[in-house]
Amino acid sequence: MHVNDERDQLIDRISATQRDLGRLITRRHHSPLFDSNLTMRQLKVVLLLSCQDSASGQDLAHHLGVGLATVTGIVDRLVAHGLVTRREDPHDRRVRRIQLTPRGRALTEQISDAGLADFRRLLQRLDTPTLHDLAAVLAKLHTAAGALATGH
């Protein structure tokens, strides 16, 4: 077997296992996502904003692959839900910045915390040597993700 074929097969196996783990955990535990009345696009905006302080409508339109008019409607509904606010950009008064409200930040933290709680419950079922191995692998994944994020 060619090295690249073996790597591709391993990556496929790992991806399938990760997908299966997600399904098993989701089926067993309730997620705050299910309590939310947000559309997928609204949720994407909230999650995008959780990764940065604020974004312009143009930034959001680019990330979502939609027009500015569509983003305006999405943001209007998020403002009505109390999850985001609009403010003037201090460097360019023509630009409106969108940012999460404390309520919006709390929603993203609830989503993240629910996933972490499920992950911790899963890890508690593993023995200590396996946890050491997993910690080493996750450290390597973290380094690889950092390199991807910075374009290296």
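Computed from a predicted model, the values in this text were never measured in an experiment.

**Brief notes about the overall build of the protein chain**
Logical step 1: A count of helices and strands for the protein chain gives 6 helices and 3 strands.
Logical step 2: Counting helices and strands in the order they occur from the N terminus, the protein chain gives α-α-β-α-α-β-β-α-α.
Logical step 3: Here the C-alpha radius of gyration of the protein chain, 20 Å, is well above what a compact globule of 152 residues would show, namely 15 Å.
Logical step 4: Residues classed as buried in the protein chain amount to 22% of the 152 residues present.
Logical step 5: Here the analysis covers contacts within the protein chain between residues at least 6 apart in sequence; of these, 47% occur between residues at least 24 apart.
Logical step 6: Of the roughly 11300 Å² of accessible surface on the protein chain, a fraction of 55% belongs to carbon and sulfur atoms.
Logical step 7: Computed over 21 positive and 17 negative side-chain charges, the separation of the two mean positions in the protein chain equals 5 Å.

**Brief notes about the domain arrangement of the protein chain**
Logical step 1: In terms of domain boundaries, the protein chain breaks down into domain 1 (1-30) and domain 2 (31-150).
Logical step 2: Computed from C-alpha atoms alone, the centre-to-centre distance between domain 1 and domain 2 is 23 Å.

**Regarding the sheet that holds strand 3 (residues 92-100)**
Logical step 1: Taken in spatial order, the 3 strands make up an open sheet running 1-3-2, and their pairing is antiparallel. Looking at the sheet topology across the chains shown, the edges are occupied by strand 1 (55-56) and strand 2 (84-89).
Logical step 2: In terms of strand pairing, strand 2 meets strand 3 through 6 bridges, oriented antiparallel. Along strand 3, the bridge assignment pairs R87 with R97.
Logical step 3: The strands touched by helix 4 (residues 68-80) within the sheet are strand 2 and strand 3, with strand 2 carrying the most contacts at an inclination of about 120°.

**Some points on the side chain of T101**
Logical step 1: Within the secondary structure, T101 sits in the loop between strand 3 and helix 5 (102-123).
Logical step 2: Taking the relative accessible area as the measure of exposure, T101 reaches 11% and is therefore buried.
Logical step 3: In this structure T101 touches G82, L83, V84 and T85, once residues within four positions along its chain are discounted.

**Considerations on the pattern of salt bridges**
Logical step 1: As enumerated under the stated definition, the model contains 8 salt bridges in all.
Logical step 2: The salt bridge involving R93 is made with E88; its shortest N-O contact spans 3.6 Å.
Logical step 3: Accessibility expressed as a relative area gives 40% for E88, which makes it partly exposed.
Logical step 4: Note that R121 is salt-bridged to D118, the shortest N-O span being 2.2 Å.

**Section: the side chain of T108**
Logical step 1: With respect to the element layout, T108 can be found in helix 5.
Logical step 2: The exposure class of T108 is buried, given its relative accessible area of 10%.
Logical step 3: Residues in contact with T108, not counting those within four places in the same chain, are V46, L47, S50 and L100.

**Some thoughts on the pairing of strand 3**
Logical step 1: Note: strand 1 against strand 3, 2 bridges, orientation antiparallel. By the bridge assignment, A55 is partnered in strand 3 with I98.
Logical step 2: Once strand 2 ends, the chain turns through 2 residues before running back antiparallel as strand 3.

**A few points about helix 6 (residues 128-149)**
For an α-helix, the turn length of 3.6 residues means that residues three or four places apart are oriented alike.
Logical step 1: Counted at 1.5 Å a residue, the expected span for helix 6 with its 22 residues is 32 Å, and the 31 Å between its end C-alpha atoms agrees.
Logical step 2: Within two residues after helix 6, G151 carries a phi angle of roughly 85°, on the positive side.

**Examining the packing of helix 3 (residues 57-64) against helix 4**
Logical step 1: In contact at an axis separation of 9 Å, helix 3 and helix 4 are set at 105° when each is read in the N-to-C sense. Here helix 4 runs roughly perpendicular to helix 3, going by the angle between their axes. In this structure, helix 3 uses G57, Q58, L60, A61 and L64 to contact helix 4, whose residues at the interface are L68, V71, I74 and V75.
Logical step 2: Looking at the contact of helix 3 with helix 4, its residues break down into 7 nonpolar, 2 polar and no charged.

Conventions adopted
Residues numbered from 1 in each chain as written. Predicted model: local features only at pLDDT ≥ 70, side-chain atom pairs only at ≥ 80, totals over all residues. Heavy atoms only, no water. Helix = DSSP H or I, 4+ residues; strand = E, 2+ residues; numbered from the N terminus. Rg over C-alpha atoms; globule rule 2.2 N^0.38 Å. Buried < 20%, exposed > 50% of the residue type's maximum accessible area, 1.4 Å probe, protein only. Contact = heavy atoms within 4.5 Å. Areas by Shrake-Rupley, 256 points an atom, 1.4 Å probe, with all protein chains shown as cover. Lys, Arg positive; Asp, Glu negative; His and termini not counted. Charge placed at Lys NZ, Arg CZ, Asp CG, Glu CD. Domains from an automatic or database assignment. Pairing = 2+ DSSP bridges. Axes fitted to C-alpha atoms, helices over the stretch in contact; angles between N-to-C directions. Salt bridge = Lys/Arg side-chain N within 4 Å of Asp/Glu carboxyl O. Expected span 1.5 Å × (residues − 1). Parallel < 35°, antiparallel > 145°, perpendicular 65-115°, else oblique. Nonpolar A, V, L, I, M, F, W, Y, C, P; charged D, E, K, R; others polar.

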